[in-house]
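Chain residues, written in single-letter form:
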Amino acid sequence: MVCATTSAQLAAIQSLWCRSLLVSWILAVDCLMTVKHTDRTSVACVQVRFDFFCKAALEFLLKTGRQPDILHCHDWSTAHVAKSFWEDYQPYGLWKPKVIFTIHNLNYGQKKITEAAQYCQKFTTVSPTYAFEVGGHPAIASNNFKFMGIRNGIDTELWSPTENKFLPMSYDANNVEEGKRRAREELRKRVNLSQWQDKLIIAVVSRLTPQKGVHLIKHAAYKALDRGCQFVLLGSAPDPKLQTEFNELADQLRHGQDASFIFEYNEPLSYMIYAAADIVLVPSMFEPCGLTQMIAMRYGAVPVVRHTGGLRDTVFDVDNDKPRAAWEVAGSSDWMRDKIDETNGFAFE
């Protein structure tokens, strides 16, 4: 006897698996957000729940008859999709997809990344330089032949100074000076900085973790004030000890109204900071790609970065990178002959 599935029944099945998918995701996030990663049991809990989420997603595709062309999995939390697809789903009806796995940060979940690298057909990371930097890692090396870096990017409509309700005025290349001047005035009012002399603003928009070069951020704050600039930081540290250090730094530097520290996640304010800043500092110790430097350029601020990972692939030093910038951006092998200058910031080792 063959049972025909009605459209109402199919809708119910879809709803059921959507709820299953959502519940598994909530369980995974709940576990991830409430446990300490130093506890082996807790780490195992997180891994098991994300693995369940991966299988729920595959089960949803199988039960609803979907056959996507590509399953694109991102980072260790979805790594189990690759193995589970080939072992548990591809032989039983989910036949069409190819599996691509993208690493956003090799510092986390290396065991699961190793698994995904083995089972996926292609795997990538978010910049060519980061791919080169991590290509010899044991989690990747044995599958290096199918590994490559593809530079990340930003949503240019979301991060646009020409249409942004959070700025005092919209601007583009034709009126960038006036637009940034208005943004500086408004930012100074909001974060209690002095308007006197319209000083150059150096900004940091970042999570405060060792990866982000926190010792260099502290150093930059002191140097910015020593050289007559203003310094603005937006972000916070998940490590209480590190946050305490930055609280103390803020207390030391706030008195002259030339430094402001906002220890929170605040996306509307970040638009204002990018628009107001003359320089945006990104001194990461390593950086798979980074979006901050690209957003800075989108808003007419000069990025100052370390030459690492995706920072190297997106910021070309005005003094030292003219040949490389001409080749990588414009395809020119002789920037002097072709009179090409594609440099866009400052970079240091």
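Only a predicted model underlies this, so the values are computations on that prediction, with no experimental measurement involved.

**Some remarks on the nonpolar core**
Part 1 of the reasoning: One finds F101, I103, L106 and F123 to be the most contacted residues of the largest nonpolar core, which totals 32 residues.
Part 2 of the reasoning: Mapped by element, the contributors of at least two residues to this core are helix 2 (40-63), strand 1 (70-74), helix 3 (80-89), strand 2 (98-103), helix 4 (110-119) and helix 5 (128-134).
Part 3 of the reasoning: Leaving out residues up to four positions away in the same chain, F101 has contacts with C73, H74, D75, W76, T78, A79, I113, A116, C120, K122, F123 and T124.
Part 4 of the reasoning: Listed in part, the 31 residues of the second largest apolar core include I201, A203, I262 and V280.

**Some thoughts on the packing of aromatic side chains**
Part 1 of the reasoning: The full count for this structure, using the stated rule, is nine aromatic pairs.
Part 2 of the reasoning: Ring geometry for F85 versus W86: centroids 4.9 Å apart, planes at 75°, classification edge-to-face.
Part 3 of the reasoning: Overall, the relative accessible area of 28% leaves W86 in the partly exposed class.
Part 4 of the reasoning: Note on F261 and F263: the rings are 6.0 Å apart at their centroids and 35° apart in plane angle, and the pair reads as tilted.
Part 5 of the reasoning: Judged by relative accessible area, F261 falls into the buried class, the value being 4%.
Part 6 of the reasoning: Joined through ring pairs, the aromatic side chains of W159, F166, Y271, Y274 and Y299 make up one cluster.
Part 7 of the reasoning: Lying over the aromatic face of W335, K322 brings its terminal NZ or CZ to 5.9 Å of the ring centre.

**Topic: helix 7 (residues 214-226)**
Part 1 of the reasoning: Over its 13 residues, helix 7 runs 19 Å from end to end, which matches the ideal 18 Å to within 8%, given 1.5 Å per residue.
Part 2 of the reasoning: Close packing links the buried residues of helix 7 with strand 5 (201-205), strand 6 (230-234), helix 8 (240-253) and strand 8 (279-282).
Part 3 of the reasoning: Once helix 7 finishes, G228 follows within two positions and takes phi at roughly 80°, a positive value.

**Quick word on the packing of helix 7 against helix 8**
Relative placement of two packed helices is described by the angle separating their axes and the distance separating the axes.
Part 1 of the reasoning: One can describe the packing of helix 7 onto helix 8 by two numbers: an axis separation of 12 Å at closest approach and a directional angle of 0°. In terms of orientation, helix 7 lies roughly parallel with respect to helix 8. On helix 8, the residues that touch V214, I217, K218, A221, Y222 and L225 of helix 7 are L242, E245, F246, L249, Q252 and L253.
Part 2 of the reasoning: Tallied by class, residues from the contact of helix 7 with helix 8 come to nine nonpolar, one polar and two charged.

**A look at the side chain of R306**
Part 1 of the reasoning: Its place among the elements puts R306 in strand 9 (residues 302-306).
Part 2 of the reasoning: We note that R306 is buried and unpaired, the nearest opposite charge coming from E349 at a distance of 5.5 Å.

**Considerations on the pattern of salt bridges**
Part 1 of the reasoning: Inspection of the entire model under this criterion finds 17 salt bridges.
Part 2 of the reasoning: Across the pair K212 and E287 runs a salt bridge whose closest N-O atoms are separated by 2.9 Å. Of this pair, K212 sits in the loop between strand 5 and helix 7 while E287 is found in the loop between strand 8 and helix 10 (292-298), placing the two residues 75 residues apart along the sequence.
Part 3 of the reasoning: Relative accessible area serves as the criterion here: at 13%, K212 is assigned to the buried category.
Part 4 of the reasoning: Here R324 makes a salt bridge to D321, at a shortest N to O gap of 3.2 Å.

**Some words on the sheet that holds strand 3 (residues 122-125)**
Part 1 of the reasoning: Taken in spatial order, the four strands line up as 1-2-3-4 in an open sheet, and their pairing is parallel. A single partner strand is all that each edge strand has here, and the edge strands are strand 1 and strand 4 (147-149). Within this sheet the neighbouring strands show an average axis-to-axis angle of 25°, counted without direction.

**Here's the deal with the environment of Y108**
Part 1 of the reasoning: Within the element layout of this structure, Y108 appears in the loop between strand 2 and helix 4.
Part 2 of the reasoning: A sequence separation of 33 residues divides Y108 from D75, and the C-alpha atoms of the two residues are 8.4 Å apart.
Part 3 of the reasoning: When sequence neighbours within four positions are dropped, the list of residues in contact with Y108 reads W76 and I113.

**Digging into the pairing of strand 2**
Part 1 of the reasoning: In this sheet, strand 2 lies alongside strand 1 in parallel orientation, the contact comprising five bridges. When the sheet's bridge partners are listed, H72 is paired in strand 2 with I100.
Part 2 of the reasoning: As judged from the four bridges shared by strand 2 and strand 3, these two strands associate in the parallel manner. Paired with I100 across the bridge in strand 3 is K122.

**Considering the confidence of the model for the protein chain**
Part 1 of the reasoning: Across the protein chain, the average pLDDT comes to 90, with 88% of residues at or above 70.
Part 2 of the reasoning: Across residues 9-38, where pLDDT falls below 50, the model places 36 contacts with residues more than four positions away in sequence or in other chains.

**Brief notes about the packing of helix 3 against helix 4**
Part 1 of the reasoning: Interaxial distance between helix 3 and helix 4 falls to 7 Å at its minimum, and their mutual angle equals 45°. By the angle between their directions, the pair helix 3 and helix 4 is classed as oblique. Taken as a pair, helix 3 and helix 4 cross one another with a handedness that is left-handed. Taken together, the residues of helix 4 that come into contact with helix 3 (itself represented by H80, A82, K83, W86 and E87) are K112, E115, A116 and Y119.

**What about the pairing of strand 6?**
Part 1 of the reasoning: Of all five residues that make up strand 6, five are buried, and the element is covered over most of its length.
Part 2 of the reasoning: Here strand 6 shows no split at all, with Q230, V232 and L234 on one side and F231 and L233 on the other all buried.
Part 3 of the reasoning: Across five bridges, strand 5 lies against strand 6 in parallel orientation. Within strand 6, the residue paired with I201 across the bridge is Q230.
Part 4 of the reasoning: You can see the chain leave strand 5, run along helix 7 and come back into strand 6, and the turn it takes is right-handed.

Definitions and cut-offs
Residues numbered from 1 in each chain as written. Predicted model: local features only at pLDDT ≥ 70, side-chain atom pairs only at ≥ 80, totals over all residues. Heavy atoms only, no water. Core = buried A, V, L, I, M, F, W, Y, C linked by side-chain atoms within 4.5 Å. Buried < 20%, exposed > 50% of the residue type's maximum accessible area, 1.4 Å probe, protein only. Helix = DSSP H or I, 4+ residues; strand = E, 2+ residues; numbered from the N terminus. Contact = heavy atoms within 4.5 Å. Phe/Tyr/Trp six-rings, centres within 6.5 Å; stacked < 30°, edge-to-face > 60°. Lys NZ or Arg CZ within 6 Å of the ring centre and 35° of its normal. Expected span 1.5 Å × (residues − 1). Axes fitted to C-alpha atoms, helices over the stretch in contact; angles between N-to-C directions. Parallel < 35°, antiparallel > 145°, perpendicular 65-115°, else oblique. Nonpolar A, V, L, I, M, F, W, Y, C, P; charged D, E, K, R; others polar. Lys, Arg positive; Asp, Glu negative; His and termini not counted. Salt bridge = Lys/Arg side-chain N within 4 Å of Asp/Glu carboxyl O. Pairing = 2+ DSSP bridges. pLDDT = per-residue confidence, 0-100. Left-handed = near helix turned anticlockwise from the far one by under 90°. Right-handed = clockwise from strand over helix to strand, strands pointing away.

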